[in-house]
Amino acid sequence: MAAGNWTRVDEFILMSFSSLPKEMQLLLFLAFLAIYLVTLLGNSLIIVVTLADPMLHSPMYFFLRNLSFLEIGFNLVIVPKMLSTLLTPDTTISFLGCAAQMYFFFFFGVAECFLLATMAYDRYVAICSPLHYPVIMNHRTRAKLAVASWFPGFPVATVQTTWLFSFPFCATNRVNHFFCDSPPVLRLVCADTARFEVYAIVGTILVVMLPCLLIVCSYARIAAAILQIPSAKGKHKAFSTCSSHLLVVSLFYVSSSLTYFRPKSNNSPESKKLLSLSYTVVTPMLNPIIYSLRNNEVKNALGRTFHKALILRNHMP
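Cut-offs used in this document
- Numbering of residues begins from 1 in every chain and follows the order in which that chain's sequence is written.
- With the structure being a predicted model, the display of local features is reserved for residues of pLDDT at least 70 and the display and counting of side-chain atom pairs for 80 or more, all residues being used for whole-chain, interface and lining totals.
- With hydrogens and water stripped out, all remaining heavy atoms of the structure feed into the side-chain values.
- Strands here are runs of E lasting at least two residues and helices are runs of H or I lasting at least four, both read from the DSSP assignment and numbered beginning at the N terminus.
- The contact definition used throughout considers only heavy atoms, calling two residues in contact when any of these lie within 4.5 Å.
- UniProt positions are given in the numbering used here, feature names are shortened, and annotations may be inferred rather than shown by experiment.
- In a helix, the anticipated span is given by 1.5 Å times the number of residues less one.
- A simple rule labels every residue: compare its accessible area, found with a 1.4 Å probe on the protein chains alone, to the largest value its type can have, and call it buried under 20%, exposed over 50%, or partly exposed in between.
- Nonpolar core, defined: a set of buried Ala, Val, Leu, Ile, Met, Phe, Trp, Tyr and Cys residues in which side-chain atoms within 4.5 Å join the residues together.
- The disulfide criterion is simple: two cysteine sulfur atoms within 2.5 Å.
- Any pair of N or O atoms that falls within 3.5 Å is considered a polar contact. Within protein, one atom must be able to donate a hydrogen and the other to accept it, and sequence-neighbouring residues count only if both atoms are side-chain atoms.
- Helix axes are fitted to C-alpha atoms over the stretch in contact, other axes to C-alpha atoms as well, and angles between N-to-C directions run from 0 to 180 degrees.
- Roughly parallel refers to an angle under 35 degrees, roughly antiparallel to one over 145, roughly perpendicular to one between 65 and 115, and oblique to any angle outside these ranges.
- Handedness of a helix crossing follows the sense of rotation of the near helix relative to the far helix, less than a right angle counterclockwise being left-handed and clockwise being right-handed.
- Classification convention: Asp, Glu, Lys, Arg as charged; Ala, Val, Leu, Ile, Met, Phe, Trp, Tyr, Cys, Pro as nonpolar; all other residues, Gly among them, as polar.

## Considering the environment of aspartate 53
So, point 1. Residue position: aspartate 53 is located in the loop between helix H1 (22–52) and helix H2 (59–87).
So, point 2. Sequence separation of aspartate 53 and alanine 301 is 248 residues, and the distance between their C-alpha atoms is 6.4 Å.
So, point 3. Apart from residues lying up to four places away in sequence, aspartate 53 is in contact with Ala301 and Arg304.

## Some thoughts on the UniProt feature "transmembrane region" (unreviewed entry) in the protein chain
So, point 1. In the numbering used here, UniProt assigns the feature "transmembrane region" (unreviewed entry) to residues 26–51, 63–83, 103–124, 145–165 and 198–217.
So, point 2. The span residues 26–51 is 100% helix and 0% strand, and its two end C-alpha atoms sit 37 Å from each other.
So, point 3. Spanning residues 63–83, this segment combines 100% helix with 0% strand, and its end C-alpha atoms are found 30 Å apart.

## Some remarks on helix H8 (residues 194–227)
Helical geometry: 3.6 residues make up each α-helical turn, so side chains three or four residues apart lie on a common side.
So, point 1. Its 34 residues give H8 an end-to-end C-alpha distance of 48 Å, which sits within 8% of 50 Å, the value for a rise of 1.5 Å per residue.
So, point 2. The set of residues buried in H8 consists of Phe196, Ala200, Val207, Val208, Pro211, Ile215, Ser218, Tyr219, Ile222, Ala225 and Ile226.
So, point 3. Contacts made by the buried residues of H8 are with helix H3 (95–128), helix H6 (153–164), helix H7 (182–186) and helix H9 (232–260).

## Some remarks on the nonpolar core
So, point 1. Within the largest apolar cluster, 86 residues are counted, with the highest numbers of intra-cluster contacts made by Phe12, Phe32, Leu116, Leu164, Phe165 and Val185.
So, point 2. Among the elements that make up this core, the one with the highest residue count is H3 (19 residues).
So, point 3. With sequence-adjacent residues up to four places away left out, phenylalanine 12 is seen in contact with Thr91, Thr92, Ile93, Ser94, Phe95, Cys98, Phe165, Phe169, Asn173, Val175 and Leu188.

## Concerning the state of the cysteines
So, point 1. Considering all chains together, one arrives at 2 disulfides under this definition.
So, point 2. Each sulfur of the disulfide joining cysteine 98 and cysteine 180 lies 2.0 Å from the other. Measuring the twist about the S-S bond at about -120 degrees, one finds the cysteine 98-cysteine 180 disulfide to be left-handed. One end of the pair, cysteine 98, is in helix H3; the other, cysteine 180, is in the loop between strand E3 (174–175) and H7, with 82 residues separating them in the sequence.
So, point 3. According to the relative accessible area criterion, cysteine 180 is buried, its value standing at 0%.
So, point 4. With its sulfur 1.8 Å from that of its partner, cysteine 170 forms a disulfide with cysteine 190. On the criterion of sequence distance, the pair formed by cysteine 170 in the loop between H6 and E3 and cysteine 190 in the loop between H7 and H8 is long-range, its members being 20 residues apart.

## Things to note about the side chain of threonine 50
So, point 1. Inspection of the secondary structure puts threonine 50 in helix H1.
So, point 2. On the basis of relative accessibility, which here comes to 2%, the residue threonine 50 falls in the buried class.
So, point 3. At a separation of 3.2 Å, a polar atom in the side chain of threonine 50 contacts the side chain of arginine 65.
So, point 4. Not counting the four nearest positions on each side in its chain, threonine 50 is found in contact with Leu56, His57, Tyr61 and Arg65.

## Re the packing of H3 against H8
So, point 1. Interhelical geometry of H3 versus H8 gives an angle of 15 degrees and a closest axis separation of 9 Å. As summarised for this structure, H3 and H8 are arranged roughly parallel, according to the angle between their axes. Helix-helix and strand crossings are classified by hand; for H3 and H8 the assignment is left-handed. Contacts from Val110, Cys113, Phe114, Leu116, Ala117, Ala120, Tyr121, Arg123, Tyr124, Ile127 and Cys128 of H3 reach H8 at Val207, Leu210, Pro211, Leu214, Ile215, Ser218, Tyr219, Arg221, Ile222, Ala225 and Ile226.
So, point 2. Counted by class, the contact of H3 with H8 contains 19 nonpolar, 1 polar and 2 charged residues.

## Brief notes about the packing of H2 against H3
Packed helix pairs are specified by the crossing angle of their axes together with the interaxial distance, meaning the distance between the axes.
So, point 1. One way to put it is that H2 packs onto H3 with a least axis distance of 10 Å and a crossing angle of 160 degrees. With respect to their mutual orientation, H2 and H3 come out roughly antiparallel. As H2 packs across H3, the resulting crossing turns out to be left-handed.
So, point 2. Its residues assigned to classes, the contact of H2 with H3 shows 16 nonpolar, 5 polar and 5 charged.

This is how it looks when you write it as structure tokens:
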């Protein structure tokens, strides 16, 4: 029911890539579908292999398994709805559906920031205190660190989502994005959002910068420890255990920072959509590929797992 310039919104329309020709939307659908399937397959393989292979039961692969779970969840929240907006003329999403999508987007995004910081700490302990590593990163400690990584997503997502969706909305319900992100939904609000925007900016900076600071400190100590290793072979081996994580961190932080910390004058809706694709669609696909191609232990474990699967299949009646 409308009241002045306010209206009760029961659903939103995701504009997605509607400005593009239908032929281009079909090509994007096929490309994103392929990326989506590769993402699900790659991260599922990481989970299965790190569970099945005893050689990958170390803390490093425990946290990698958590990252793969997170990436699958992140993709399930964003990509299926985006694919439907490219294929069908109906691009609506219910009010509760939009709120749920935003909630889980914040939850998984915050959890990934802290999980990447936890993985950096794990590498710091492994390289700087190798003799004490099994004692420090025991089963209880790694479980606590995993919980501490996932937990911050709950309060951040709860406060930001419930606060934003408690505002009244204007007559338009067109969200100029391919999912319910906070900035495009906030533009539809018919109320003073100054306090919310201050909270959102401060919260985003804290959520992004605090884990980033922990990562930088961990790798500063790691770099100092590597430089003290006398042999070139030892330095290369130590660095190789961190290279995959460093690449994943760089992809995530560069793409998300370009999306949310660019000046508004340089941040058109179309450019933000393209940047959002990098960390919502592309990065979750690249993570298992990076850890598989740059990590001999994972490659060997994949080979062993497939070999065992073939043997079992051949012995089946």
